[in-house]
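Chain by chain, the residues:
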Amino acid sequence: MKNCLKTLRAERNWSQAFLGEKLDVSRQTINAIEAGRYDPSLPLAFKIARLFEMKIETIFDDAA
Amino acid sequence: MSQKQARRRYISIFIPSMAIYFSGTLGISLAAKYQSLPSIALYGLAIIPILALIAWMWAQWRYINELDEFLRMIEIKAVLVGVAGVMAIAAGWGIAEMLTDAPNLPVIWIVVIFSVLYGLAQMVITRREGADH
């Protein structure tokens, strides 16, 4: 699934490790989500959306 | 709890439990070989490696629960590969023993085979999923 997590993170000048800390997941998990290798669970997707104050579908695009 | 803390907690149980398992197994084997203990004592001592194995499995269970969802997925896949490998080897060798003159494979090797397969699978899956960078 495509997503704009990398862009959102870069806009805030956050490292993958920092974002991982905020979401209580590892840096590897952030890396895998950003690269599109791993689709997060619904609870984690909600957590990400809440953190960036956006809707899930704004961050994640399941059309691709 | 961070992933690093979870890993440290796991290693702190895994290494001593494996040391107890292997030294206990070796000690009991030597005691049996040289008949230095009565057989009832050997049966009693055989509990030591079993307890060490249970401690390892408990630490593994706790570690998998403490990981985040992506790393947990990798661990579970690796454990499944280990279990599937052990079952395939045990069943295959068992059939070979039953139908041919294949030498007897002591059941004690199951732990070693599982550990090797699990470790290899963990390395391969971690690389494949890109969790190593």
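Residues numbered from 1 in each chain as written. Chains lettered and ligands numbered in written order. Predicted model: local features only at pLDDT ≥ 70, side-chain atom pairs only at ≥ 80, totals over all residues. Heavy atoms only, no water.

Visitor: So what exactly am I meant to see when it comes to the overall build of chain B here?
Guide: The secondary structure content of chain B amounts to five helices and zero strands. When the helices and strands of chain B are listed from N to C terminus, the series reads α-α-α-α-α. For chain B, the C-alpha radius of gyration of 18 Å lies well beyond 14 Å, the compact-globule estimate for 133 residues. Sequence separation of at least 24 residues holds for 74% of the intrachain contacts in chain B that already meet a minimum separation of 6. On chain B, roughly 8,500 Å² of surface is accessible, and the fraction owed to carbon and sulfur atoms is 74%. Distance from the positive charge centre (10 side chains) to the negative charge centre (8 side chains) of chain B: 8 Å. (Helix = DSSP H or I, 4+ residues; strand = E, 2+ residues; numbered from the N terminus. Rg over C-alpha atoms; globule rule 2.2 N^0.38 Å. Contact = heavy atoms within 4.5 Å. Areas by Shrake-Rupley, 256 points an atom, 1.4 Å probe, with all protein chains shown as cover. Lys, Arg positive; Asp, Glu negative; His and termini not counted. Charge placed at Lys NZ, Arg CZ, Asp CG, Glu CD.)

Visitor: I'm lost on the environment of A:Ala17 in this one. Help?
Guide: With respect to the helices and strands, the residue A:Ala17 is situated in helix H2 (residues 16–23). Taking the C-alpha atoms as reference points, A:Ala17 and A:Leu51, separated by 34 residues in sequence, lie 15 Å from one another.

Visitor: How do you make sense of the interface of chain B and chain A when you look at a structure like this?
Guide: Interface size is commonly expressed as the accessible surface area that is lost when the partners come together. Listed by partner, the interface residues are 11 residues for chain B and 13 residues for chain A. Buried surface at the junction of chain B and chain A, summed over both partners, amounts to about 950 Å²; 50% is from carbon and sulfur atoms. At the surface where chain B touches chain A, the tally comes to zero salt bridges. At the surface where chain B touches chain A, the tally comes to five residue pairs in polar contact (both at pLDDT 80 or more). (Buried area = accessible area lost by both parts, 1.4 Å probe. Salt bridge = Lys/Arg side-chain N within 4 Å of Asp/Glu carboxyl O. Polar contact = N/O pair within 3.5 Å; in protein donor to acceptor, adjacent residues only side chain to side chain.)

Visitor: Is there a simple way to think about the confidence of the model for chain A in this case?
Guide: Detailed conclusions should not be drawn from predicted coordinates in areas where pLDDT is low. Summarising the model, chain A shows a mean pLDDT of 93, and 98% of its residues fall at 70 or more. For chain A, the element scoring lowest by mean pLDDT is strand S1 (residues 2–3) of chain A, at 90; helix H4 (residues 42–51) of chain A scores highest, at 96. (pLDDT = per-residue confidence, 0-100.)

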